[in-house]
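# Examining the three-dimensional arrangement
Below are the chains, spelled out letter by letter.
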Amino acid sequence: MLDRLEPQAPDALLALIKMYAQDPREDKIDLGVGVYRTNDGATPVFRAIKQAEQRLVDTQDSKSYLGPEGDKQFVDALKPYIFGSDKGTNDRIEGMQTPGGTGAVRLAVALAQQAGIERIHMGVPSWPNHAQILGDVGVETAPFDHASKDGSADLAAVLDAIANARETDAILLHGCCHNPTGVDYTNEQWDAIAQALTDHGVLPIIDVAYQGLGHGLEEDAYGVRRVLASVPEALVAYSCDKNFGLYRDRVGAFYIMAAKPDQIEAILSNANALARANWSMPPDHGGAAVRTVLHDDELTAAWLAEVEDMRTRMRKVRNRLAAADSEVPSLNLAALAEQNGLFAVLALSKDQIAQLREDHGIYMAGSGRINVAGLHEGNTDRFIAALAEVTRD
Ligand SMILES: Cc1ncc(COP(=O)(O)O)c(C=O)c1O
């Protein structure tokens, strides 16, 4: 039976990681993998997380099973950071822990389908796994353009998708720090989107994977809070893997906002049943570490300072690239200063991307997506010079 299975294309980014590892050049630059890097090119464990983990080792007296909802205190401790203090929405929001933001997106899509959603509108380009999850769950994707040519968000496209949505449609939106473009909706655009979702009765699924890495934890929550203050129902997928640096520990949460508080329990029981049939229950360790940080004022302050350092460093890199706009006239580097988070997409051809890799040891995704955090004081000038060279003709 099993030899009937067709080989699947390997993950393009994983292939890139392999090529990068095999490249002997000492000044090679990795802009492919989507993890934060310090000015020294490292992806260290957060100091606050290290301390929290030590406390867990010292005090944890059991590794007995939790339920499919995972660590409820972790889920609740995150709530004020994501949803703020508005009681009207908070009384209608409940969540559960998931294996990473990926598990949360998967659960959101599967639950939406169970509730009758057949098609999901999605701005493209998007995180490639979004389309894969929709396809795997068996929901149709309705793509619309996320960004305009000038490097800002295409508001008309998203409003058009909402206005033309069917009753069995939902829409998937990135809460902040859009992957791969870095192009976020402005607050005024979120206002218009929230109004349109309300007017047309479209269910929003909001994926928040990089809170704090754009303009700040509060600022980056504007979209999700604005939409939830307006619509009756929403689903939110959250990842702690970037803003707590916990990537491999797979830390995420899934939240449901119901129209009425007394509906939450029944909705959540469906999400629990889906989780049970998928991963049964999420891994505990990373969520427990986040909970330990958020329950301790000192560790919380240390975590916030670390997130601020990341954000400030990435802004500096963005500003440096934007300042080189005239050196690489074909790429609109100026727009990077207005964009957010780890990623940006450069309008490079396949040949130019290959030339950067082969001639300069600079590795990026085939889409032209770069991880801004792969750049630092020691390699940004060389990157800009290489861009200028491959785009000269
Ligand atoms: C937009 C978006 N959503 C969700 C995720 C999932 O993150 P994880 O499963 O690593 O927590 C990612 C990760 O790259 C992402 O970019």
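Because the structure is predicted, anything quoted here is derived from the model rather than measured.

Criteria and thresholds
Residues numbered from 1 in each chain as written. Predicted model: local features only at pLDDT ≥ 70, side-chain atom pairs only at ≥ 80, totals over all residues. Heavy atoms only, no water. Helix = DSSP H or I, 4+ residues; strand = E, 2+ residues; numbered from the N terminus. Rg over C-alpha atoms; globule rule 2.2 N^0.38 Å. Buried < 20%, exposed > 50% of the residue type's maximum accessible area, 1.4 Å probe, protein only. Contact = heavy atoms within 4.5 Å. Domains from an automatic or database assignment. Buried area = accessible area lost by both parts, 1.4 Å probe. Salt bridge = Lys/Arg side-chain N within 4 Å of Asp/Glu carboxyl O. Polar contact = N/O pair within 3.5 Å; in protein donor to acceptor, adjacent residues only side chain to side chain. Pairing = 2+ DSSP bridges. Axes fitted to C-alpha atoms, helices over the stretch in contact; angles between N-to-C directions. Disulfide = S-S within 2.5 Å. Core = buried A, V, L, I, M, F, W, Y, C linked by side-chain atoms within 4.5 Å. Near = heavy atom within 4 Å. Areas by Shrake-Rupley, 256 points an atom, 1.4 Å probe, with all protein chains shown as cover. Nonpolar A, V, L, I, M, F, W, Y, C, P; charged D, E, K, R; others polar. Right-handed = clockwise from strand over helix to strand, strands pointing away.

### Remarks on the overall build of the protein chain
If you tally the helices and strands in the protein chain, you get 15 helices and 11 strands. Relative to the 2.2 N^0.38 estimate, which gives 21 Å for 393 residues, the radius of gyration of the protein chain is 21 Å and therefore close to what a compact globule would have. Along the longest, intermediate and shortest principal axes, the C-alpha atoms of the protein chain span 65 × 55 × 55 Å. The burial tally for the protein chain puts 54% of its 393 residues in the buried class. Of all intrachain contacts in the protein chain linking residues separated by at least 6 positions in sequence, the fraction that spans at least 24 positions is 75%.

### Quick word on the domain arrangement of the protein chain
Each assigned domain of the protein chain is listed with its residue range as follows: domain 1 (6-44 + 312-390) and domain 2 (66-295). Its C-alpha centre places domain 1 at a distance of 28 Å from the equivalent point of domain 2. The interface of domain 1 with domain 2 comprises 16 residues on the first partner and 17 residues on the second. When residues of domain 1 are sorted by the area they lose upon contact with domain 2, Gln339, Asn340 and Phe343 head the list and together hold 38% of the total. For the pair domain 1 and domain 2, the interface holds 0 salt bridges. Between domain 1 and domain 2 we count 9 residue pairs in polar contact (both at pLDDT 80 or more) in total.

### Here we look at the sheet that holds strand β4 (residues 140-145)
In spatial order, the strands read β2-β8-β7-β6-β5-β3-β4; together these 7 strands make up an open sheet with mixed pairing. Two strands bound the open sheet, and with one partner strand each, they are β2 (93-99) and β4. Strand-to-strand twist in this sheet, taken as the mean axis angle between neighbours without regard to direction, amounts to 20 degrees.

### Considerations on the environment of Pro80
Tracing the chain through its elements places Pro80 in helix α3 (residues 72-83). Looking at Pro80, the relative accessible area reads 45%, which means it is partly exposed. Separated by 47 residues in the primary sequence, Pro80 and Trp127 have C-alpha atoms spaced 26 Å apart.

### Digging into the state of the cysteines
Counted under the stated rule, the structure contains 0 disulfides. Free of any disulfide, Cys176 has its nearest cysteine sulfur in Cys177, 4.1 Å distant. No disulfide involves Cys240; its sulfur sits 12 Å from that of Cys176, the nearest cysteine.

### Considering the nonpolar core
Core analysis: the largest hydrophobic core is formed by 68 residues, its most contacted members being Leu78, Leu228, Phe244, Tyr255 and Trp303. Tallying contributions element by element places α3 first for this core, with 7 residues. When we break this core down by domain, the ones giving at least three residues each are domain 1 (6-44 + 312-390) and domain 2 (66-295). Every residue in contact with Phe244, bar those within four places of it in the chain, is listed here: Phe46, Ile49, Leu78, Val290, Val293, Leu294 and Trp303. If you look at the next biggest cluster of nonpolar residues, it comprises 28 residues, including Ala104, Met122, Leu203 and Ala275.

### Description of the pattern of salt bridges
Within the structure shown, the criterion is met by 16 salt bridges. For Asp169, the salt bridge goes to Arg119, with nearest N and O atoms at 2.7 Å. Note that Asp169 is positioned in strand β5 (residues 169-174) and Arg119 in strand β3 (residues 119-124), a separation of 50 residues in sequence. When its relative accessible area of 2% is taken as the criterion, Asp169 is described as buried. Connected through salt bridges with shared partners, the residues Lys72, Asp76 and Glu94 form a single ionic network.

### Digging into the site of the ligand
Surveying the vicinity of the ligand reveals 13 residues, the closest of which are Thr102, Asp207, Tyr210, Asp241 and Arg250. Contact distances for the ligand include 2.7 Å between an oxygen atom and a backbone N or O atom of Gly101. Considered on its own, the ligand offers 390 Å² of accessible surface; in the complex 91% of this is hidden by protein. With 3 residues, helix α5 (residues 100-114) is the largest single contributor of residues to the shell around the ligand. Per-class residue counts for the shell around the ligand are 3 nonpolar, 6 polar and 4 charged.

### Points about the pairing of β4
Summarising the sheet, β3 and β4 pair through 6 bridges and their orientation is parallel. Its bridge partner lying in β4, Met122 is registered against Pro143. Tracing the backbone out of β3, into helix α6 (residues 128-137) and back to the parallel element β4 gives a crossover that is right-handed.

### Some words on the environment of Glu167
With respect to the helices and strands, the residue Glu167 is situated in the loop between α7 (155-163) and β5. Judged by its relative accessible area of 82%, Glu167 is exposed. Distance in space between the C-alpha atoms of Glu167 and Glu118 is 9.3 Å, their sequence separation being 49 residues.

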